[in-house]
Amino acid sequence: MGVLRTLRERTGLNQTDFASRLGRSQTYVSSAERSAVRLDGLQLMDWCRACGTDLREWADLIESQLSPELVKQIKSKSAGAGKKPK
């Protein structure tokens, strides 16, 4: 199940009621949950706020769904990103 859907379902709201809280249509909520549309940073922040959470929680959920090997690769790449080439 997708992270956006997981966050919404934690609110106990169906798509229609959540859409009202978000100030969007039910079609928008459905499309976002199916990854038919991509949300930008501000839209993600609005989604999280409507769920009573924040972007950190969203990121933690994303990371928890990744395989341990992929998380290790991402962390090793980001650790080397700040190093200057020799």
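Heads up: the structure comes first, above all this text.
Residues numbered from 1 in each chain as written. Predicted model: local features only at pLDDT ≥ 70, side-chain atom pairs only at ≥ 80, totals over all residues. Heavy atoms only, no water.

A. Representation of the nonpolar core in the model. Among the nonpolar cores identified, the biggest contains 16 residues, and Leu-7, Phe-18, Leu-22, Val-29, Leu-39 and Trp-47 are the most heavily contacted of them. Secondary-structure elements contributing two or more residues to this core are helix H1 (3-11), helix H2 (15-22), helix H3 (26-33) and helix H4 (41-50). With near-sequence residues (within four places) excluded, Leu-22 lies in contact with Tyr-28, Val-29, Asp-46, Trp-47 and Ala-50. (Core = buried A, V, L, I, M, F, W, Y, C linked by side-chain atoms within 4.5 Å. Buried < 20%, exposed > 50% of the residue type's maximum accessible area, 1.4 Å probe, protein only. Helix = DSSP H or I, 4+ residues; strand = E, 2+ residues; numbered from the N terminus. Contact = heavy atoms within 4.5 Å.)

B. Structural context of the packing of aromatic side chains. With the rule as written, the count across this model stands at one aromatic pair. The ring of Tyr-28 carries the charged tip of Arg-24 above its face, separated from the ring centre by 4.2 Å. (Phe/Tyr/Trp six-rings, centres within 6.5 Å; stacked < 30°, edge-to-face > 60°. Lys NZ or Arg CZ within 6 Å of the ring centre and 35° of its normal.)

C. Up close: H3. Along H3, six of the eight residues are buried, which leaves the element largely enclosed by surrounding structure. Along H3, the positions that sit buried rather than exposed are Tyr-28, Val-29, Ser-30, Ser-31, Ala-32 and Glu-33. Lining the buried residues of H3 we find H1, H2 and H4.

D. Representation of the packing of H1 against helix H5 (residues 55-65). At a closest axis distance of 10 Å, the pairing of H1 and H5 adopts a crossing angle of 125 degrees. By the angle between their directions, the pair H1 and H5 is classed as oblique. Crossing geometry of H1 relative to H5 is assigned as right-handed. Judged by residue contacts, Val-3, Leu-4, Leu-7 and Arg-10 of H1 engage Glu-57, Trp-58, Leu-61, Ile-62 and Gln-65 from H5. Each residue belonging to the contact of H1 with H5 can be placed in one class, and the counts come to six nonpolar, one polar and two charged. (Axes fitted to C-alpha atoms, helices over the stretch in contact; angles between N-to-C directions. Parallel < 35°, antiparallel > 145°, perpendicular 65-115°, else oblique. Left-handed = near helix turned anticlockwise from the far one by under 90°. Nonpolar A, V, L, I, M, F, W, Y, C, P; charged D, E, K, R; others polar.)

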